[in-house]
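# Geometric and topological summary
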Amino acid sequence: MSDADQYTIGQLAKAAGVGVETIRYYQRRDLLPVPEVASGFRTYPASLAERIRFIKRAQELGFSLDEIANLLMLEDGNDRQSIRDVAHERLLQVKAKLADLHRMEDMLTELIHQCASSTEQAQCPIIQALASDKPADAKACQH
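Residues numbered from 1 in each chain as written. Predicted model: local features only at pLDDT ≥ 70, side-chain atom pairs only at ≥ 80, totals over all residues. Heavy atoms only, no water.

## A closer look at helix α3 (residues 48–60)
- For α3, with 13 residues, the first-to-last C-alpha span of 18 Å sits near the 18 Å given by 1.5 Å per residue.
- L48, A49, I52, I55 and A58 are the residues of α3 that are buried.
- For α3, the elements touching its buried residues are α1 (9–16), α2 (20–28), β4 (44–45) and α4 (65–73).
- G62, located one to two residues past α3, shows a positive phi value of around 95°. (Helix = DSSP H or I, 4+ residues; strand = E, 2+ residues; numbered from the N terminus. Expected span 1.5 Å × (residues − 1). Buried < 20%, exposed > 50% of the residue type's maximum accessible area, 1.4 Å probe, protein only. Contact = heavy atoms within 4.5 Å.)

## Some words on the pattern of salt bridges
- Within the structure shown, the criterion is met by three salt bridges.
- Here D100 makes a salt bridge to R103, at a shortest N to O gap of 2.0 Å. Placement of the pair is D100 and R103 together in helix α5 (residues 80–117), with a separation of three residues, close to one helical turn.
- By relative accessible area, R103 is classed as partly exposed at 40%. (Salt bridge = Lys/Arg side-chain N within 4 Å of Asp/Glu carboxyl O.)

As structure tokens, then:
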């Protein structure tokens, strides 16, 4: 590998679109290697920029750093079943979050409707539901 294929940590951070502290954090999490000191400073292979972009994209998709570490161990692509299993588990988590968001949407829609149609003297249904220590009160607003 030539010197042209080597970056300082600052150059690597710029090439990958992250901060230097992000690279150091990923190193502490064992997602990136810590290179040996050569000629008085550390140099990083240019290929690490792609690995960092992979980590950032996976985070954007909601993968935890532990899940990303698992994917990186499987990165040669030969164990596609394991990669699919990790992705499938993430998909199930996303679907569960979506279901929760839909329930929240329904509850807020109903509370807004109740608030709009309640009398001025009555306590606002939104405030009443949020102040209640009974989860059943909030669930009663769902369809």
